[in-house]
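# Structural features, examined
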Amino acid sequence: MQLEARNLSFRYGKGPLIINNLNLELKSGEILGLSGPSGCGKTTLAKILSGYELPQGGSVKIDGKSIPSKGFNPVQLIFQHPEKAVNPRWQMKKTLNEGWSPDNELLDSLGIEKAWLKRWPNELSGGELQRFCVAKALSPKTRFLIADEITTMLDAITQAQIWNVVLNKARENNIGVLVVSHDQHLINRLCDRVFIGK
Ligand SMILES: Nc1ncnc2c1ncn2[C@@H]1O[C@H](COP(=O)(O)OP(=O)(O)OP(=O)(O)O)[C@@H](O)[C@H]1O
Ligand SMILES: [Mg+2]
């Protein structure tokens, strides 16, 4: 399978073109890096690839077919800011089980403690919250994963732990992963190939 962005262009409102005629392919099982300076449009591209923003020009398809807008999204986005991705009025257990039910083994490997399931999002640190968002995104139905600066707020050891889990799952389920980061060392360490923004 291949996720294909063709001739993408995007601007917010009447603002400047942030994405101009961009082409990108991500194959199943491939770990692709996306790097570039702050503000160059990485998060914007991540949102377009996963259907959270519609481009003004071009298309995003899987094997030539449009991505279904209803039901489970095979292109899962893990947001740069996890607090923006969860419902503040839901306890973590509900958020976690919204799309699928991750097993205890996965929760343990991500360092998610049982006691956290009963907490509200504002009772967790950003890094703790992000682990829930990672677990949610690793459904057996996920075909492509767009990981937008997902470990920026974590210490080095936890960062390595989370990436280990994500890459193992990607290998197991043949998920194509886009690693969005301005951390060149992280990208060089994790990725088969790198796409550099402007
Ligand atoms: N909702 C919005 N409305 C208007 N402009 C926006 C909006 N979101 C982002 N922008 C602008 O679009 C540009 C690209 O933003 P984006 O968040 O995609 O950058 P980024 O590469 O992810 O940056 P960073 O590395 O800091 O996360 C920036 O100039 C930003 O100010
Ligand atoms: Mg960003």
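Everything below is about the structure shown above.
Everything numeric in this text was worked out from a predicted model, so none of it was measured. (Residues numbered from 1 in each chain as written. Chains lettered and ligands numbered in written order. Predicted model: local features only at pLDDT ≥ 70, side-chain atom pairs only at ≥ 80, totals over all residues. Heavy atoms only, no water.)

Bringing the overall build of the protein into the picture now. Across its full length, the protein carries 6 helices and 9 strands. Taken over C-alpha atoms, the radius of gyration comes to 16 Å for the protein, in line with the 16 Å a tight globule of 198 residues would show. When its C-alpha atoms are laid out on the principal axes, the protein stretches across 45 × 35 × 30 Å. Scored against the burial criterion, the 198 residues of the protein give a buried share of 47%. Expressed as a percentage of contacts within the protein between residues at least 6 apart in sequence, the contacts between residues at least 24 apart total 73%. For the protein, the computed accessible surface area is about 10100 Å², with 50% contributed by carbon and sulfur atoms. The centroid of the 25 positive side-chain charges in the protein is displaced by 7 Å from the centroid of its 19 negative side-chain charges. (Helix = DSSP H or I, 4+ residues; strand = E, 2+ residues; numbered from the N terminus. Rg over C-alpha atoms; globule rule 2.2 N^0.38 Å. Buried < 20%, exposed > 50% of the residue type's maximum accessible area, 1.4 Å probe, protein only. Contact = heavy atoms within 4.5 Å. Areas by Shrake-Rupley, 256 points an atom, 1.4 Å probe, with all protein chains shown as cover. Lys, Arg positive; Asp, Glu negative; His and termini not counted. Charge placed at Lys NZ, Arg CZ, Asp CG, Glu CD.)

Despite not being glycine, Asp-63 has its phi angle at roughly 50°, a positive value. Within the fold, Asp-63 resides in the loop between β4 (57-62) and β5 (65-66). Notably, Asn-174 is not glycine yet its phi reads approximately 55°, a positive angle.

What follows covers the site of ligand 1. In the vicinity of ligand 1, the contacting residues are Tyr-12, Ile-18, Pro-37, Ser-38, Gly-39, Cys-40, Gly-41, Lys-42, Thr-43, Thr-44, Gln-80 and His-182. Note that an oxygen atom of ligand 1 is positioned 2.6 Å from one of the side-chain N or O atoms of Ser-38. In this structure, an oxygen atom belonging to ligand 1 sits 2.8 Å away from a main-chain N or O atom of Thr-43. For ligand 1, whose free accessible area comes to 640 Å², the fraction covered by protein is 57%. Counted by class, the shell around ligand 1 contains 4 nonpolar, 7 polar and 1 charged residues. (Near = heavy atom within 4 Å. Polar contact = N/O pair within 3.5 Å; in protein donor to acceptor, adjacent residues only side chain to side chain. Nonpolar A, V, L, I, M, F, W, Y, C, P; charged D, E, K, R; others polar.)

These results come straight from atomic positions and should not be treated as a statement about function.
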